[in-house]
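Here is how the chains run, residue by residue.
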Amino acid sequence: MQQFNKGFLFFICLVSAMGGLLFGYDWVVIGGAKPFYELYFGITDSPLMQGVAMTTALVGCLIGAMVAGAAADKYGRKPLLMLSAILFTVSAIATGLFNDFTLFNLARFVGGVGIGVASALAPMYIAEVSPAEIRGRMVSLNQMTIVLGILSAQIVNMLLARDTADATNMAWNQEWGWRWMFWAETFPAALFLFLSFFIPESPVFLKLKAVKEAQPAKKEAGLRELFQHKYSKVLILGIVIAVFQQWCGTNVIFNYAQEIFVGAGFNVDGMFINIVITGIANVLFTFVALYTIEKWGRRTLILIGAGGLGLIYLILGTCYFMGVTGFMMVALVVAAISVYAMTLAPVTWTLLAEIFPHRVRGIAMATCTFALWVGCCTLTFSFPSMNAALGSSGSFWIYSAICFCAFIFLLRNCPETKGKSLEQLEQELVNQSEE
């Protein structure tokens, strides 16, 4: 490949991956705004309403992911990426603008639709434009932008939140601080929309489009075709991988950082500092993933992630049970984030973008992304009630058990996809299984 082509490939993958940046920011910014908008809307004593506020965007993710596949197969990958940029921009402005709790949740829902579309389309687009020998690294670029978005949200939240020990500052946080946390997303969202005009359509979509024009009677792949027996094994694998990435429990640390760190003995100001520490670890170990995903392979990394998180959560739950506080707890949380960042976080998106055949990739990617957001939605909504009933120790023991069960399943069923073309993977994972 010529140097110019490499540069252009990197540019279009980076622009597509900006959907991941906004996905990460929009997904995590609410965790820092949470202590303040809950006071503003008067829901500090209502676990149900707290769960609703944290879950509304995730419901939007479900809708976005559900429609993304069929729409991308009909209209193309590029228009859907542009649509997600518009939704991010509208949501960022409206979430901070509204004073009504219902309208606040409606704006979060719109942003969630953007996340659902971007999370399904960005890794698929990158996989379709990248050559096999660097495909894993390029798809992992999407995960890198996700964690940069997460870190950006954490830093913005920390910088905007004024000293909570001062009553005047706390009043500003309650009235304006949380609004600016959401408004800050407007700038990268507008940039994503502008740059998306300069990327080409996916060559895979153009090929499929040409086939459909040459054979107009041939229908687009839908759910009925996806759920045929020949795709069952690979579809089950994709859904399990997608749901496990959420049910492994790591994302509650981002969305419920207040409860996690306060339970470990820190005040709200200490919570923001520790959140940024976890964000830095998230970015650093995603860089590790960019190197190891082509060296070690997808299968090795996902097994390390499942087994490693299972062990860390077992220890973390025991520490909560024994009343351990302070540095030890931060170290365990950082260890969990680090393992997740170099394994399950990037490998999930890479595998989902690789394992499905061209004909059903759009609808399959949307189905698995939908399953992922169902997992995220149930995880996020259930944590406050589960944490109240079982305590942090019981919650993390449950996550540990889930990780160990997933390790056994993946050990038996997850293939290695490193260095193989999408056509070769289709032959191995689908066509050969029919023989």
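The structure this text deals with has already been given above.
Below is a short write-up of the structure.

Parameters and conventions
Residues numbered from 1 in each chain as written. Predicted model: local features only at pLDDT ≥ 70, side-chain atom pairs only at ≥ 80, totals over all residues. Heavy atoms only, no water. Helix = DSSP H or I, 4+ residues; strand = E, 2+ residues; numbered from the N terminus. Rg over C-alpha atoms; globule rule 2.2 N^0.38 Å. Buried < 20%, exposed > 50% of the residue type's maximum accessible area, 1.4 Å probe, protein only. Contact = heavy atoms within 4.5 Å. Areas by Shrake-Rupley, 256 points an atom, 1.4 Å probe, with all protein chains shown as cover. Lys, Arg positive; Asp, Glu negative; His and termini not counted. Charge placed at Lys NZ, Arg CZ, Asp CG, Glu CD. 1 Å grid on protein atoms, 1.4 Å probe; cavity = no way out; pocket = protein on both sides within 12 Å on 5 of 7 lines; lining within 4 Å. Points joined across faces, edges and corners; volume = space filled by probe spheres on them. Core = buried A, V, L, I, M, F, W, Y, C linked by side-chain atoms within 4.5 Å.

Attention now goes to the overall build of the protein chain. The number of helices and strands found in the protein chain is 18 helices and zero strands. On C-alpha atoms alone, the protein chain measures out to a radius of gyration of 21 Å, which is about the 22 Å that the 2.2 N^0.38 rule sets for 435 residues. By its C-alpha atoms, the protein chain is 70 × 45 × 45 Å across when sized along the principal axes. Out of the 435 residues in the protein chain, the part that is buried amounts to 58%. Residue pairs at least 24 apart in sequence account for 85% of intrachain contacts in the protein chain once pairs closer than 6 positions are excluded. Carbon and sulfur atoms form 69% of the exposed surface of the protein chain, whose accessible area is close to 16,700 Å². Side-chain charges of the protein chain comprise 26 positive and 25 negative groups, with the mean position of each set lying 9 Å from the other.

Counted according to the given criterion, the structure contains three cavities of 30 Å³ or more. What lines the largest cavity is a set of 16 residues, and nearest its centre among them are W27, Q143, I146, Q245 and Y340. If you list the elements that add at least two residues to the lining of the largest cavity, you get α1 (3–41), α5 (132–160), α10 (229–247), α11 (251–255), α16 (344–354) and α17 (358–413). With four residues, the top contributor of residues to the lining of the largest cavity is α5.

The biggest cluster of nonpolar side chains holds 120 residues, and the ones touching the most others in it are W27, Y37, L121, I302, L309 and W373. By size, the runner-up hydrophobic cluster in this structure holds six residues, among which are M144, V147, L151 and V283.

All quantities given are derived from atomic positions and should not be read as evidence of function.
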